[in-house]
Amino acid sequence: MKYLIDYITYMNIVVSGWPGAGSSTLALLVAHNLQVKLLRGTDTFRYIGKQLGYALHGEDRIKADTYLEVYWGPIYDKYVDYVLENKDGYLIESDIAAFRLGLQDNIYSIFLAPSLKSRKKRLEVDGRKEEIPVLEKREKDLQKDYLRLCGLDWLDLNTVIQKYNLVLDNSEMKIAQELEYIFEALGEKVEKPLSEIENEFWENGKDYYLQKLKEEGLLISTEEIIKDIVKTFPKAVNEMPPELRDI
């Protein structure tokens, strides 16, 4: 079902946020309700990290991200830029896509910037208690990585405001409120009550929406993303360390 006018079919959306801000949840719900293709960059990092023998949480997640940001990160960032500049009808969940491209006519960018305290609480509610002790360390490590690799400070709120169309401090917001801001900014209301959309999410969980998007042909799989990157940037892939190139 399509809830918005055709305006959404000829633009792309970027959803970003600090670790634990709820950007993954928001990206799923927006993609599902707008019926746009969802491209999740974090999935590629987790997939490759797992292939390299890292765990998907805790200190191991930090180690994997630190390693992959040096080699896989720049290639994936180039790919995101390529998709945003050459394709339409995509929602991309990405830490820094709008930092690099800035405000663009064909991109609507959203950044979630809640307090650290609220993000820790969000992880607990989401059943991810094991990630709470390393949340602050992970965001500081990512801050250093992005400063070194891209020359930007993604924890600086003033910089975020300059680069993104919509910045939400969702510390005290329900999902329905986040969606209200976004759909209003896009210029059209959804047909289904936003409170109903939120209740359905809490009843069904993330995996339900991932499966729905997959069934609808709207979820770009990790394998598809990696194959497309290899095809689009073969030279850069060939220059990666052998263990990454083999994957």
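That block above? That's the structure.
What you see is a predicted model, and the numbers here were worked out from it, not measured in a lab. (Residues numbered from 1 in each chain as written. Predicted model: local features only at pLDDT ≥ 70, side-chain atom pairs only at ≥ 80, totals over all residues. Heavy atoms only, no water.)

Peer 1: Can you lay out the environment of Leu103 for me, pointing to particular residues and giving the numbers?
Peer 2: In this fold, Leu103 is placed in the loop between helix 4 (97-101) and strand 4 (107-112). Taking the C-alpha atoms as reference, Leu103 lies 13 Å from Val15; in sequence the two are 88 residues apart. In this structure Leu103 touches Ser109, Gln162, Lys163, Tyr164 and Asn165, once residues within four positions along its chain are discounted. (Helix = DSSP H or I, 4+ residues; strand = E, 2+ residues; numbered from the N terminus. Contact = heavy atoms within 4.5 Å.)

Peer 1: Summarise the pairing of strand 4; cite the residues concerned and give the values.
Peer 2: Working note: regular strand, side chains alternate between the two faces of the sheet. The buried fraction of strand 4 is high, at six of six residues. Bridge count for strand 1 (residues 12-17) against strand 4 is six bridges, and the pairing is parallel. If you follow Asn12 over to strand 4, its bridge partner there is Ile107. Bridge analysis of strand 4 against strand 5 (residues 166-168) gives three bridges, and the strand direction is parallel. Across the sheet, Phe111 pairs through a bridge with Val167, a residue of strand 5. (Buried < 20%, exposed > 50% of the residue type's maximum accessible area, 1.4 Å probe, protein only. Pairing = 2+ DSSP bridges.)

Peer 1: Kindly report on the sheet that holds strand 4, identifying the contributing residues and their values.
Peer 2: With parallel pairing, five strands are arranged side by side in an open sheet as 2-3-1-4-5. Among the strands making up the open sheet, the edge pair consists of strand 2 (37-40) and strand 5. When the angles between neighbouring strand axes are averaged without regard to direction, this sheet yields 15°. Packed on one face of the sheet, helix 8 (residues 175-185) meets strand 4 and strand 5 and runs near 170° to strand 5. (Axes fitted to C-alpha atoms, helices over the stretch in contact; angles between N-to-C directions.)

Peer 1: Summarise the packing of helix 1 (residues 23-34) against helix 8; cite the residues concerned and give the values.
Peer 2: Between helix 1 and helix 8, the least distance of the axes is 11 Å, while the angle of their chain directions is 55°. In terms of orientation, helix 1 lies oblique with respect to helix 8. As helix 1 runs across helix 8, the sense of the crossing is right-handed. Across from Thr25, Leu26, Leu29, Val30, Asn33 and Leu34 in helix 1, the residues of helix 8 making contact are Ile175, Glu178, Leu179, Ile182 and Phe183. Residue composition of the contact of helix 1 with helix 8, grouped by class: eight nonpolar, two polar and one charged. (Parallel < 35°, antiparallel > 145°, perpendicular 65-115°, else oblique. Left-handed = near helix turned anticlockwise from the far one by under 90°. Nonpolar A, V, L, I, M, F, W, Y, C, P; charged D, E, K, R; others polar.)

Peer 1: Before we move on, could you go through the packing of aromatic side chains and cite the residues and values that matter?
Peer 2: Under the defined criterion, the tally for this structure stands at twelve aromatic pairs. Ring geometry for Tyr76 against Tyr79: centres 6.5 Å apart, planes inclined by 45°, an arrangement best described as tilted. Residue Tyr76 and its partner Tyr79 are located together in helix 3 (residues 58-86), separated by three residues, close to a single helical turn. For the pair Tyr76 and Tyr79, a shared accessibility class is recorded, and that class is buried. Between the aromatic rings of Phe201 and Tyr209, the centroid separation amounts to 6.0 Å while the plane-to-plane angle is 35°, which identifies the pairing as tilted. Side by side, Phe201 and Tyr209 carry an identical accessibility label, which is buried. (Phe/Tyr/Trp six-rings, centres within 6.5 Å; stacked < 30°, edge-to-face > 60°.)

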